[in-house]
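Structural overview
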Amino acid sequence: MVLNYIWIAFFLVAFIFAFIGLLMGDTTIFQRIVDSTFTSSKTAFETSLGLTGVLALWLGIMKIGEKAGVVNALARVLSPVFTKLFPDIPKNHPAMGSIFMNIASNMLGLDNAATPTGLKAMAQMQELNPRKDTATNPMIMFLVLNTSGLTIIPTTILAFRASYGAATPTDVFIPILLATTVATFAGMVITAAWQRINLLQPVLLATMLGLVAFVGLVIWGFGSMDKDTMATVTSLAGNFILLSIIIIFILAGFLRKINVYDAFIEGAKEGFHTAVRIIPYLVAILVAVGVFRASGAMDMLINGIAWIVRQFGLNTDFVGALPTAFMKPLSGSGARGLMLEAMQNYGPDSFVGRLSCIFQGSTDTTFYILAVYFGSVSIKYTRHAVACGLLADLVGVIAAISIAYIFFG
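Residues numbered from 1 in each chain as written. Predicted model: local features only at pLDDT ≥ 70, side-chain atom pairs only at ≥ 80, totals over all residues. Heavy atoms only, no water.

Let's talk about the overall build of the protein chain
Along the protein chain, the regular secondary structure elements total 18 helices and 0 strands. A compact globule built from 409 residues should have a C-alpha radius of gyration of about 22 Å, and the protein chain, at 22 Å, falls within 12% of that. If one aligns the C-alpha atoms of the protein chain with their principal axes, the spans along those axes are about 70 × 45 × 45 Å. Across the 409 residues of the protein chain, 53% fall into the buried class. Taking the intrachain contacts of the protein chain between residues at least 6 apart in sequence as the baseline, contacts between residues at least 24 apart amount to 79%. When the accessible area of the protein chain is evaluated, it comes to approximately 18,500 Å², of which 69% is carbon and sulfur surface. (Helix = DSSP H or I, 4+ residues; strand = E, 2+ residues; numbered from the N terminus. Rg over C-alpha atoms; globule rule 2.2 N^0.38 Å. Buried < 20%, exposed > 50% of the residue type's maximum accessible area, 1.4 Å probe, protein only. Contact = heavy atoms within 4.5 Å. Areas by Shrake-Rupley, 256 points an atom, 1.4 Å probe, with all protein chains shown as cover.)

Quick look at a nonpolar patch on the surface
A cluster of nonpolar side chains, Phe 15, Ile 16, Phe 19, Ile 20, Leu 22, Leu 23, Met 24 and Phe 30, forms an exposed patch at the surface whose accessible area comes to about 830 Å². Looking at Phe 30, the relative accessible area reads 31%, which means it is partly exposed. (Patch = residues over 30% accessible without salt bridge, like charges linked within 9 Å, V, L, I, M, F, W, Y side chains within 5 Å. Salt bridge = Lys/Arg side-chain N within 4 Å of Asp/Glu carboxyl O.)

Comments concerning the nonpolar core
Ranked by internal contacts, the top residues of the largest apolar core, which has 70 residues, are Phe 10, Phe 318, Val 319, Leu 340, Leu 355, Phe 359 and Phe 407. In terms of residues, this core owes the most to one element, helix α18 (residues 385–408), which gives 8 residues. In this view, Phe 318 contacts Val 309, Phe 351, Leu 355, Ile 401 and Tyr 405; residues no more than four positions away in its chain are not counted. Counting 39 residues, the second largest nonpolar core, distinct from the first, contains Ile 103, Met 125, Tyr 373 and Phe 374. (Core = buried A, V, L, I, M, F, W, Y, C linked by side-chain atoms within 4.5 Å.)

What about the pattern of salt bridges?
Under the criterion given, the structure shown has 6 salt bridges. A salt bridge links Asp 349 to Arg 161; the nearest nitrogen and oxygen atoms lie 3.3 Å apart. Of the two residues, Asp 349 sits in the loop between α15 (332–346) and α16 (351–362) while Arg 161 sits in helix α7 (residues 155–163), which places them 188 residues apart along the sequence. In this structure Asp 349 comes out as partly exposed when scored by relative accessible area, which is 30%. Under the relative-accessibility criterion, Arg 161 is labelled buried at 0%. For the salt bridge of Arg 354 with Asp 349, the shortest nitrogen-to-oxygen distance reads 4.0 Å. In this structure Arg 354 comes out as buried when scored by relative accessible area, which is 18%. Counted as one network, the salt bridges with shared partners bring together Arg 161, Asp 171, Asp 349 and Arg 354.

A look at the packing of aromatic side chains
Tallied over the full model, the rule gives 6 aromatic pairs. Where Phe 351 meets Tyr 405, the ring centres are 4.8 Å apart and the plane angle is 40°; that geometry is what we call tilted. Note that Phe 351 is positioned in helix α16 and Tyr 405 in helix α18, a separation of 54 residues in sequence. Ring geometry for Phe 407 and Phe 408: centres 6.2 Å apart, planes at 45°, overall tilted. One exposure class covers both Phe 407 and Phe 408, and it is buried. (Phe/Tyr/Trp six-rings, centres within 6.5 Å; stacked < 30°, edge-to-face > 60°.)

What about helix α8 (residues 173–194)?
If you check α8, its first and last C-alpha atoms are 32 Å apart, about what 22 residues at 1.5 Å a residue would give, namely 32 Å. For α8, a buried count of 16 out of 22 residues is recorded, marking the element as mostly surrounded by other parts of the structure. Looking at the residues trailing α8, positive phi occurs at Arg 196, about 60°. (Expected span 1.5 Å × (residues − 1).)

Some remarks on unusual backbone geometry
A positive phi is found at Lys 257, a non-glycine position, where the angle reads about 60°. Tracing the backbone through its elements, the reader meets Lys 257 in the loop between α10 (227–255) and α11 (260–277). Within the chain, Arg 383 stands out as a residue other than glycine whose phi angle is a positive 55°. Among the secondary structure elements, Arg 383 is positioned in the loop between α17 (366–376) and α18.

Observations concerning the environment of Ile 157
For Ile 157, the position within the fold is in helix α7. Overall, the relative accessible area of 7% leaves Ile 157 in the buried class.

Structure, rendered in C-alpha cells:
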C-alpha cells in the first residue's frame, strides 16, 4: 500500500513539475519525460536479463549450503545469544528453533527459506501471547533483528553491480558487511534497552564487544591504508571470502553425501525464476523514478538537501545517494530501483553509485517486514517495534555514509 502511494506521487509530482516547466518556456519537457519512460523500461528489462546468470549461480550455491546443513549449523552457533535476547520464550519452545533458522537464512541471503521460517516463528510466538492483538517483546526483538538486515552475502547487489559494468563489483562487499553489522548491533542494543534486557550478561556482552571489535578493527586497518591499497585489499578480501564460501558449501555438500550438482541446478532454477519475476517490479519503479528525474523534481530534491547540508559546513558528496536511503524502510523494490537509477546516472564506480549499494545492503525494508509479519498473526498494536526499527535504520544510514567515506571518499 505504501509503495502504491509513492508510485502515484512520483507521477503526480513529475506532471506538476512538467507543467511548471512548460509555463516557464521549456517546450521539450514533456518529450523528455515520455522518452524517459521508454528508456527506463528498456533498462529494467536489460538489467533483469543481465542479472539472470549471477542469480542462478548464487542461488544454486546457496541451495547446496542449505541442503548440506550450513543453515542449521549457523543456527546452533547463534543459539546461546538468542536465548538471552528472547528471555520470554521458554528455552525448548519450537519458536526458538524457527527464529534461529530465520536469522541464519537471512544472514546467508536465503530469502526463500527465511520468509517461511519467519512466519512460522511469528505464529509460534503468538501461541505464547496473552494479548493476541498486541506485539510481545520477543516478536518486536525478532522483527527488529530482521529489519536491521544482517546479511553476510549481498548476492543481488553484487549481481546488479556486475550487470551495470562495475570494474570490481565486489568492492562494496566489506563496506556493506560493516554497515549491516552496525545496524544490527544498534537494533539489538536499542530494543534490548527498551525491553530492559540485561546487556551485561556474559554471552550478550561478549557478542556486542565482538561486533564492536570486528567493526573497529576492520575500519582501523583499512583507515591506515592509502586509497589504492585499500581498493586492492577490499577487492582481494571480498573475492577471497566469496570464493571460500563457494568451496565450503560444495565440500559440505560432498561430505554430507548431497548430490551437489542436482542441488545447484534446483537453486539455479529458482535464480532464473527470481530474475523473471522482478521484471514487472523493476519496470514499474524505474519508469516512475525516470519520470521523476526527467521532470527536474529529483534534481530539486537533491539540490535542496545539498544546500541544507552545506549550511552545516559538511561534504555533500553523499546527498545523491540519499533517495535510496529514504526509500529503503518503505519499499525494497523501490530502494532497489533508486539504487539502479543512481548507478545509471552517476556510474557504478562513482561515490554515489557505491554508497547507494551500501544503503541498499545495510538494512532491510522495515515497514514491509512489520506489515507482513505482524499481519500474519493479526497484530494491531505494534508498541515500540516501529521506533526501534527506524532507529536501527538511522544508525545504519549514518554508518553507511561514514564507511563509504573511509573506503571510497
